[in-house]
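Secondary and tertiary structure notes
Single-letter residue listing:
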Amino acid sequence: MSNFLTKIKATLADVINAVIAFFVNYITFFVKGDYKTKLSYIVMGAGSFLNHQVVRGLAYLVFEIFFITYMVNDGSYFLRMLSSLGLKKQGEVFDEATGLYMVQRGDNSMLLLLFGVVAVVLWIAFICIHYNNVKHAYKNQCLIAEGKRPESFKEECQALLNERFHITILTLPAILTTLFTVLPLLFMILMAFTNFDKNHQPPGNLFTWIGFTNFHQVFVGNPLWVNTFRKLFVWTMIWAFFATFLNYIAGIVLALIINQKRVKLKKLWRTMFVITIAVPQFVSLLLVSKFLLDEGPLNGLLLQLGVIKHYIPFLSNALIAKITVIVVNLWVGIPYTMLICSGILMNIPQNLYEASLIDGASPFKQFTKITMPYMLQVTTPYLITQFVGNINNFNVIYLLTGGDPKTLGLYQAGETDLLVTWLYKLTVSEKNYALASTIGIIIFIITAVISLVAYNNAKAVKEEDQFQ
Amino acid sequence: MTKPSSVKKSRLLYDIFIHAFLLVLSVAWILPVVWLVMQSFREEKGAFISYIVPKGWTVANYVNLFTDTKLFNFPLWFLNTFIVAVFSCIITTILVLLTGYAFSRLRFKARKPLMNVILVLGMFPGFMSMIAIYHILKAFGLTQTLLALVLVYSGGAAMGYYIVKGFFDTVPRSIDEAALVDGCTKNQVFWHIILPMSKPVVIYTILTSFIGPWVDFIFVSVIMKDAYNKYTVALGLYQMLSRENIYNYFTEFCAGAVIVAIPITILFISMQKYYVGGVTAGGAKG
């Protein structure tokens with residue numbers, strides 16, 4: 001744990017140092033710069049242009065012109081509106097000049113927030129590129145002072161394929177990730193601090209900043225939300241625990257059984273199990289959910305055979321439904337673990353088993369004392385990702401039960417809903433985006449804490465090198 | 001040294017027991033899949049029958065799926081999915097391979113921070129940004145288009161670089177260092193040395209990114225809303241099981257599911273080796 005805290009401290013220190021260095025450099029370049037460098041602060045690209053780097057200089061300049069035009073036209077407006085998220089409500093307003101009621105087009109809080117975020121991101125990009133431009137101008141100046149020549153366009157292109165190849169190949173991924181991951185996430189994170197719910201839907205209504213109220217409501221304020229959150233959180237953890245460890249152990253046992261020398265047709269058995277993971281989940285799980293309905297084929301079959309008198313409420317009784325989803329998840333997950341672990345199991349040094357056999361260990365003892373410790377050590381990262389993945393296991397719950405059976409005690413959620421399916425329902429059917437974003441942030445914190453703590457402890461285990 | 005016959009006998013019993021056990025288990029595992037295939041050939045109408053093996057067999061479900069396009073235009077959805085899958089597969093493969101190469105082989109100042117940022121971003125639940133992505137696409141006027149789907153499936157793809165990086169890490173560095181000494185650029189090293197040596201992971205990336213659009217039904221439903229002609233097979237088939245359609249279309253759903261599932265199953269089984277390699281390689285590196 002202390003190791004972990006020092007790491008966080010070190011990272012924070014790095015970030016702070018980087019920020020300080022950034023500002024110090026900004027000033028140093030200006031103070032030490034010649035007229036070309038100083039000009040670059042106002043006319044971007046001047047330091048390149050005046051040193052015969054036409055293309056680079058033009059690129060800076062075009063970006064600056066684009067940025068300024070955008071900011072003058074729209075950007076500054078969106079930035080100003082970011083603090084209020086809209087003032088004018090849609091509706092009729094009395095116009096004093098004409099003495100009539102006029103229909104006013106209201107502000108759309110959501111678009112204001114979205115474009116506000118875009119404007120902020122553009123500002124950050126601008127500052128980075130501006131810094132880069134100044135730095136480059138200063139570098140040119142230093143090169144000339146040393147009697148060298150700044151890189152020509154051709155040399156720069158060559159560098160992009162070699163020393164600076166990372167810039168070439170990461171630019172496109174970075175832009176796309178920013179657009180489709182970073183920007184949406186920033187937008188949704190900010191939404192958690194607004195009151196964007198059913199009663200504040202743009203364009204008809206405005207929503208605005210309300211600080212940490214949503215978090216307060218979820219943890220203490222709103223009894224219904226508190227109750228729902230607590231219940232779903234506990235169930236999510238129970239689910240993640242069983243879904244991860246039952247699958248893990250059962251999968252290893254299955255792999256061990258198939259791995260035995262005496263078992264014939266190993267490949268056939270493995271393939272039989274693997275087919276279930278290969279079938280798309282929306283097919284297999286939907287089918288199973290229909291298969292298990294109260295009037296479904298399984299109940300019908302069991303009734304016909306006389307095994308049961310009344311149908312079993314596989315998916316309609318809260319407790320049985322919870323057990324059902326865990327069991328069905330075994331069906332989905334065991335082959336998965338078997339597939340992953342088969343190869344690793346074969347790597348366990350055989351002499352460990354032989355030695356233990358001489359000492360008179362039973363197969364069960366061998367399993368708990370040799371196989372499991374070895375597997376745990378090798379597959380800890382896999383287990384952690386599985387656990388986190390199960391916390392966010394949307395498909396199994398959504399396709400099997402849809403969160404049902406429904407209950408009145410929970411806000412927009414059913415008995416088997418996980419936090420993540422609740423989040424989905426809140427956005428799609430309830431349109432309570434603010435609460436959904438709040439839950440999303442809470443899920444993030446939960447998964448981040450679990451994986452950070454688990455990884456750090458796992459590293460400590462790894463360093464012992466028990467098996468080498 | 002001969003073993004006593006009782007030991008032999010108990011060994012044989014154990015062998016029989018193990019194989020019987022495996023047989024029972026694999027039947028339990030395979031049963032729903034077999035059931036699906038049988039339902040797709042079922043002649044009787046209706047959603048469910050309370051017996052497992054159908055009484056009459058037919059291929060009409062498959063024929064109807066492709067000919068009766070009034071309510072559910074399966075051929076069109078199939079084409080949509082295929083187009084989206086091809087393009088998102090191309091973009092995803094390029095992005096993921098390049099990102100994996102950059103993080104595995106190139107050393108630059110932002111490398112560690114970038115990897116950490118991606119790790120943190122990956123911890124947010126994916127659905128959280130779904131609505132925001134919808135509005136961003138809407139701002140570009142792209143909602144209810146196939147292009148939007150391609151962008152959504154491949155836009156954040158670079159974040160899944162781990163498996164590719166894990167594989168590239170296993171290619172000995174001495175090889176590309178030798179090439180660099182001989183005057184290759186890093187660009188050439190990637191195309192002429194790393195890529196040809198990484199066929200398994202390239203195939204793996206191509207296949208997984210190609211399968212993605214066939215099995216997703218959440219993002220499609222958010223982006224396409226009611227534009228039925230732009231649906232993909234997963235979402236379309238999903239509609240067949242809604243309360244008002246299930247009675248008439250259940251067997252057709254099964255037929256459609258079989259058509260989608262068979263190629264995916266074959267692909268998956270044939271590449272399970274790469275799949276396992278990918279998952280464990282990523283894991284071992286932490």
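Note that the structure is predicted; figures quoted are calculated from it, not measured.

We now examine the overall build of chain A. When you go through chain A residue by residue, the secondary structure sums to 18 helices and two strands. Expected size for 468 residues packed as a compact globule is a radius of gyration near 23 Å; at 30 Å, chain A overshoots this value by more than 25%. Dimensions along the principal axes, computed over C-alpha positions, put chain A at roughly 90 × 75 × 40 Å. Out of the 468 residues belonging to chain A, those deemed buried represent 47%. Of the roughly 23500 Å² of accessible surface on chain A, a fraction of 68% belongs to carbon and sulfur atoms. For chain A, the separation between the mean place of its 35 positive charges and that of its 25 negative charges on side chains is 8 Å.

Okay, a nonpolar patch on the surface next. Residues and elements named next belong to chain A. A surface patch of nonpolar side chains, amounting to about 920 Å² of accessible area, comprises Tyr 35, Leu 39, Ile 42, Val 43, Phe 49, Leu 50, Val 54, Val 55, Leu 58 and Phe 153. Secondary structure elements with two or more residues in the nonpolar patch: helix 2 (35-42) and helix 4 (54-81). Along the chain, the position of Val 43 falls in the loop between helix 2 and helix 3 (46-49).

Another aspect to go through is the confidence of the model for chain A. Of all residues in chain A, 97% have pLDDT values of 70 or greater, and the mean over the chain is 85. Mean pLDDT values for the elements of chain A range from 72 in strand 1 (residues 91-95) of chain A up to 91 in helix 9 (residues 223-259) of chain A.

Right, let's get into the packing of aromatic side chains. All names here are of chain A. Within the structure shown, the criterion is met by 56 aromatic pairs over all chains. A centroid spacing of 5.6 Å and a plane angle of 80 degrees characterise the contact between Phe 241 and Phe 242, whose relative ring orientation is edge-to-face. Residue Phe 241 is classed as partly exposed on the basis of its relative accessible area of 43%. Relative to Tyr 424, the ring of Phe 394 has its centre 5.0 Å away and its plane inclined at 70 degrees; by these criteria the two rings are edge-to-face. Remark: Tyr 424 occurs in helix 17 (residues 419-428) and Phe 394 occurs in helix 16 (residues 394-400); sequence separation between them is 30 residues.

This part is about the environment of Asn 205 of chain A. Residue and element names in this part refer to chain A. Residue placement: Asn 205 occurs in the loop between helix 7 (165-191) and helix 8 (213-221). C-alpha of Asn 205 to C-alpha of Gln 90: the two residues are 115 residues apart in sequence and 6.7 Å apart in space. Residue contacts for Asn 205: discarding those within four places in its chain leaves Lys 89, Ser 109, Asn 199 and His 200.

This paragraph deals with helix 13 (residues 318-346) of chain A. All names here are of chain A. Its 29 residues place the ends of helix 13 41 Å apart at the C-alpha level, agreeing with the 42 Å of an ideal helix rising 1.5 Å per residue. Where helix 13 bends most, the angle comes to about 35 degrees, and this point is Val 332, followed within four residues by the proline Pro 335. Most of helix 13 is tucked away, with 21 of its 29 residues classed as buried. Of the residues that open helix 13, the one with a side-chain oxygen 2.9 Å from the backbone nitrogen of Leu 319 is Asn 317.

Within the structure shown, the criterion is met by zero disulfides over all chains. In this model Cys 157 of chain A remains outside any disulfide bridge; the closest cysteine sulfur is found in Cys 184 of chain B, 19 Å from its own. By relative accessible area, Cys 157 of chain A is classed as partly exposed at 33%.

All names here are of chain A. The end-to-end C-alpha distance of helix 10 (residues 266-278), which contains 13 residues, comes to 18 Å, matching closely the 18 Å that a straight helix rising 1.5 Å per residue would cover. Along helix 10, the largest kink reaches about 25 degrees and is centred on Met 272. Those residues of helix 10 that sit buried are Trp 269, Arg 270, Phe 273, Val 274, Ile 275, Thr 276, Ile 277 and Ala 278.

What follows is about the nonpolar core. Within the largest apolar cluster, 200 residues are counted, with the highest numbers of intra-cluster contacts made by Trp 239 and Trp 422 of chain A together with Tyr 101 of chain B. Among the elements that make up this core, the one with the highest residue count is helix 9 of chain A (14 residues). Counting residues in hydrophobic clusters, the runner-up holds 12 residues, among them Met 44, Phe 78, Ala 119 and Phe 126 of chain A.

For an interface, size is often stated in terms of accessible area lost upon the parts coming together. With 83 residues of chain A at the contact, the number on the chain B side is 84 residues. When chain A packs against chain B, close to 7700 Å² is buried across both sides, 82% of that on carbon and sulfur atoms. If you sort the residues of chain A by the area they bury against chain B, Phe 180, Arg 262 and Phe 282 of chain A come out on top, with a joint share of 10%. At the boundary of chain A and chain B, one finds one salt bridge.

This part covers unusual backbone geometry. Residue and element names in this part refer to chain A. A cis amide bond links Asp 404 to the next residue, Pro 405, at an omega of 0 degrees. Structurally, Pro 405 is set in the loop between helix 16 and helix 17. Even without a glycine there, the phi angle at Leu 265 is positive, about 55 degrees. You can see Leu 265 is positioned in the loop between helix 9 and helix 10. For Leu 265, a relative accessible area of 59% translates into the label exposed.

Residue and element names in this part refer to chain A. As a packed pair, helix 8 and helix 9 sit with axes 7 Å apart at the nearest point and diverge in direction by 75 degrees. Considering their axes alone, helix 8 and helix 9 lie roughly perpendicular with respect to each other. Residues Asn 214, Gln 217, Val 218, Phe 219, Val 220 and Gly 221 of helix 8 form the contact with helix 9, whose own contacting residues are Pro 223, Trp 225, Val 226, Phe 229 and Arg 230.

Quick look at the side chain of Asn 140 of chain A now. Residues and elements named next belong to chain A. By secondary structure assignment, the location of Asn 140 is in helix 5 (residues 109-145). Take Asn 140: its relative accessible area is 1%, and that puts it in the buried class. Non-local contacts of Asn 140, meaning those with residues more than four positions away in its chain, are made with Gly 47, Ser 48, Asn 51, Gln 53 and Pro 150.

All right, on to the packing of helix 10 of chain A against helix 13 of chain A then. Residue and element names in this part refer to chain A. For the pair helix 10 and helix 13, interaxial distance at closest approach is 8 Å and the crossing angle is 130 degrees. In terms of their interaxial angle, helix 10 and helix 13 are classed as oblique. The hand of the helix 10/helix 13 crossing is left-handed. The residues of helix 13 that touch helix 10, namely those facing Arg 270, Phe 273, Val 274, Thr 276 and Ile 277, are Trp 331, Val 332, Pro 335, Tyr 336, Met 338, Leu 339, Ser 342 and Met 346. Here the contact of helix 10 with helix 13 is built from residues that sort into 10 nonpolar, two polar and one charged.

Conventions adopted
- Residues numbered from 1 in each chain as written.
- Chains lettered and ligands numbered in written order.
- Predicted model: local features only at pLDDT ≥ 70, side-chain atom pairs only at ≥ 80, totals over all residues.
- Heavy atoms only, no water.
- Helix = DSSP H or I, 4+ residues; strand = E, 2+ residues; numbered from the N terminus.
- Rg over C-alpha atoms; globule rule 2.2 N^0.38 Å.
- Buried < 20%, exposed > 50% of the residue type's maximum accessible area, 1.4 Å probe, protein only.
- Areas by Shrake-Rupley, 256 points an atom, 1.4 Å probe, with all protein chains shown as cover.
- Lys, Arg positive; Asp, Glu negative; His and termini not counted.
- Charge placed at Lys NZ, Arg CZ, Asp CG, Glu CD.
- Patch = residues over 30% accessible without salt bridge, like charges linked within 9 Å, V, L, I, M, F, W, Y side chains within 5 Å.
- Salt bridge = Lys/Arg side-chain N within 4 Å of Asp/Glu carboxyl O.
- pLDDT = per-residue confidence, 0-100.
- Phe/Tyr/Trp six-rings, centres within 6.5 Å; stacked < 30°, edge-to-face > 60°.
- Contact = heavy atoms within 4.5 Å.
- Expected span 1.5 Å × (residues − 1).
- Bend = angle between axes of the 7 residues up to and from the residue.
- Polar contact = N/O pair within 3.5 Å; in protein donor to acceptor, adjacent residues only side chain to side chain.
- Disulfide = S-S within 2.5 Å.
- Core = buried A, V, L, I, M, F, W, Y, C linked by side-chain atoms within 4.5 Å.
- Buried area = accessible area lost by both parts, 1.4 Å probe.
- Axes fitted to C-alpha atoms, helices over the stretch in contact; angles between N-to-C directions.
- Parallel < 35°, antiparallel > 145°, perpendicular 65-115°, else oblique.
- Left-handed = near helix turned anticlockwise from the far one by under 90°.
- Nonpolar A, V, L, I, M, F, W, Y, C, P; charged D, E, K, R; others polar.

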